[in-house]
Amino acid sequence: MKIIKWYQATMLGLCLAALTACMPGDMTAPTSGGAAVPASVDNWGLSFQTEGETPVGNAGIDELATYGACYVGDTEKKVIYLTFDCGYENGYTEQILDVLKKHNAPAAFFVVGHMVESAPDIVRRMAAEGHIVGNHTYHHPDMSAIAEQEAFSEELTSLEALYRETTGQEMSRFYRPPQGKYSVENLKQAQALGYRTVFWSLAYVDWYTDNQPSAEEAFSKLIPRIHDGAIVLLHSTSRTNAEILDELLTRWENMGYTFASLEELPNRTGNGEK
């Protein structure tokens, strides 16, 4: 119970970002080239302009690409990149893995140290079934408050070591900032470590275990806002996500979407080129 309350408390920043996604209007600061420049420290947020179209992030696609970061994939294909944030095991991850296997859908699971320590068999299953296991830091801190490369590196490399010890494999070089909190310096720090920072273009408030959304509430957020190249963020701790995932993936498939690994993300150069 203690770890659950801790994790929910640290998700307040992400909650604000999710609420931002419900607000109209362009919340970025465009440059002369039309790309948005990330603030020195920010919470990742989205503004949905039109249903079915790519939302506007508070940093632009090209600007993020300068640092090897992204929030959306190939916007010219009906493809979805499934990602799950895993702060702790709440009894639903294996059900999620079963559904992914049924649909032959690759996913990325961004884990923290507690998840690897407390559920090593599930983490090993993620890897064995071909999913990406990404770096969500060891302790899930506010990484935007860390300015020194050494301290930033320690949060990632300590998790790498634990994952290597647990699975015998190297951790994939994909990083997701806890709570979506980041700075330009963080993007540079992750890039220097060989990581690609991955935000998201579709998420909803799904992590409060004692206040789970209904299936209808979940579908009302996840179906209309899906878009080409969407990087979807879901939490593996969510009972609702586990219960609706089979139908959710089926609905998306019926809309013409396929599922791809983060390994297939376009490698943009920062000037709009792939």
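Before reading further, recall that the structure is shown in the block above.
Below, the structure is looked at part by part. What you see is a predicted model, and the numbers here were worked out from it, not measured in a lab. Going along each chain's sequence as written, the residues are numbered from 1 onward. Only residues with pLDDT of 70 or above have their local features reported here, since the model is predicted, and side-chain atom pairs are shown and tallied only from 80 upward, although totals for entire chains, interfaces and linings are computed over all residues. Excluding hydrogens and water, the side-chain figures rest on all heavy atoms present in the structure.

Moving on, we come to the overall build of the protein. In terms of helices and strands, the protein carries ten helices and eleven strands. For the protein, the proportion of its 274 residues judged to be buried stands at 56%. Numbering goes from the N terminus for both helices and strands, where a helix is a DSSP run of H or I of at least four residues and a strand is a run of E of at least two. When accessible area is computed with a 1.4 Å probe and restricted to protein chains, residues below 20% of their type maximum are described as buried, those above 50% as exposed, and intermediate ones as partly exposed.

Where helix α4 (residues 93-103) meets helix α10 (residues 239-254), the closest approach of the two axes is 8 Å, and the angle between their N-to-C directions is 20 degrees. Between α4 and α10, the angle falls in the class roughly parallel. Here α4 and α10 pass one another in a crossing that is right-handed. When α4 is examined against α10, the residues Gln95, Ile96, Val99, Leu100, Lys102 and His103 are found in contact with a partner set consisting of Ala242, Glu243, Leu245, Asp246, Leu249, Thr250 and Glu253. Here the term charged refers only to Asp, Glu, Lys and Arg, the term nonpolar to Ala, Val, Leu, Ile, Met, Phe, Trp, Tyr, Cys and Pro, and the term polar to all other amino acids, Gly among them. Among the residues making up the contact of α4 with α10, the classes are represented as six nonpolar, three polar and four charged. Lines fitted to C-alpha atoms define the axes, with helix axes restricted to the stretch in contact, and inter-axis angles between N-to-C directions lie between 0 and 180 degrees. Angles are sorted into four bins: roughly parallel if under 35 degrees, roughly antiparallel if over 145, roughly perpendicular if 65 to 115, and oblique for all others. The sense of a crossing depends on the near helix, which, turned anticlockwise from the far helix by less than a right angle, makes the crossing left-handed and, turned clockwise, makes it right-handed. Any pair of residues with heavy atoms lying within 4.5 Å of one another is described as a contacting pair.

Our next topic: the side chain of Asp206. Note on placement: Asp206 falls in the loop between β9 (196-197) and α9 (215-222). Within the buried set, Asp206 has no salt-bridge partner at all; the shortest N-O distance to an opposite charge, 9.7 Å, is to Arg176. Here a polar contact is recorded for every N or O atom pair within 3.5 Å, except that within protein the pair must consist of a potential hydrogen donor and a potential acceptor, and residues adjacent in sequence are included only if both atoms are side-chain atoms. Among the polar contacts made by the side chain of Asp206, one reaches the side chain of His235 at a distance of 2.8 Å. A polar contact of 2.8 Å, which involves the side chain of Asp206, links it to the side chain of Asn241. Note on charges: Lys and Arg go in the positive column, Asp and Glu in the negative column, and His and the chain ends are not counted at all. By definition, a salt bridge exists where a carboxyl oxygen of Asp or Glu is found within 4 Å of a side-chain nitrogen of Lys or Arg.

The next point concerns the environment of Glu154. Along the polypeptide, Glu154 turns up in helix α7 (residues 149-167). Residue classification places Glu154 among the partly exposed positions, given a relative accessible area of 49%. Each C-alpha atom, one on Glu154 and one on Tyr138, is 8.6 Å from the other, the two residues being 16 residues apart in sequence.

Here the focus is the pairing of strand β10 (residues 230-235). In summary, the side chains of a regular strand alternate between the two faces of the sheet. Of all six residues in β10, six are buried; the element is thus mostly enclosed. On β10, burial covers both faces: Ala230, Val232 and Leu234 on one face and Ile231, Leu233 and His235 on the other are all buried. Two strands pair under a simple rule: DSSP has to find at least two bridges between them. Both strand β4 (residues 79-86) and β10 contribute to a ladder of six bridges, which runs parallel. By the bridge assignment, Ile80 is partnered in β10 with Ala230.

For α10, with 16 residues, the first-to-last C-alpha span of 24 Å sits near the 22 Å given by 1.5 Å per residue. The sharpest bend along α10 comes to roughly 55 degrees, located at Leu245. Among the residues making up α10, those that are buried are Thr240, Asn241, Ala242, Ile244, Leu245, Leu248, Leu249 and Trp252. Looking at the buried side of α10, the elements it contacts are β4, α4, α9, β10 and β11 (258-259). By the N-cap criterion, in which a side-chain oxygen at the helix start approaches the backbone nitrogen of a residue two or three places on, α10 is capped by Ser238, the distance to Thr240 being 3.3 Å. A helix is expected to span 1.5 Å for every residue after the first. In this scheme, the bend at a residue equals the angle between the axes fitted to the seven residues that finish there and the seven that begin there.

Here the focus is unusual backbone geometry. The phi torsion at His140 lies on the positive side, around 60 degrees, for a residue other than glycine. Checked against the element boundaries, His140 lands in the loop between β6 (132-135) and α7. Look at Gln179: it is not a glycine, yet its phi comes out positive at around 65 degrees. Looking at the secondary structure, you find Gln179 in the loop between β7 (174-175) and β8 (181-183).

Now for the pairing of strand β5 (residues 107-111). Buried residues dominate β5, accounting for five of its five residues. A two-sided burial pattern is seen for β5, the buried positions comprising Ala107, Phe109 and Val111 on one face and Ala108 and Phe110 on the other. As paired elements, β4 and β5 share five bridges and run parallel to each other. Bridging from a neighbouring strand, Thr83 pairs with Ala108 of β5. Taking the sense of rotation as the criterion, the β-α-β connection linking β4, α4 and β5 turns out right-handed. Sheet analysis places β5 next to β6, joined by four bridges and oriented parallel. A crossover counts as right-handed when, viewed with the strands pointing away from the observer, the path leading from the first strand over the helix to the second turns clockwise.

Only Phe, Tyr and Trp rings take part, Trp by its six-membered ring, and two of them pair if their centres are within 6.5 Å. Stacked means planes under 30 degrees apart, edge-to-face means over 60, and tilted covers everything else. Counted by the stated rule, this structure contains eight aromatic pairs. Residues Phe152 and Tyr175 carry aromatic rings whose centres are separated by 5.8 Å and whose planes lie at 75 degrees to one another, so their mutual orientation is edge-to-face. Residue Phe152 is found in helix α7, and its partner Tyr175 is found in strand β7; the two are separated by 23 residues along the sequence. When sorted by exposure, Phe152 lands in the same class as Tyr175, which is buried. An aromatic cluster of at least three residues, connected via ring pairs, comprises Trp44, Tyr71, Tyr182, Phe199 and Trp200. By definition, being over a ring means that NZ of Lys or CZ of Arg is both within 6 Å of the ring centre and within 35 degrees of the ring normal. The aromatic ring of Tyr257 is capped on one face by Lys78, whose charged end is 3.9 Å from the ring centroid. For Arg251, the ring lying beneath its charged end belongs to Phe219, and the centroid distance is 4.0 Å.

Geometric values such as these leave the question of function open.
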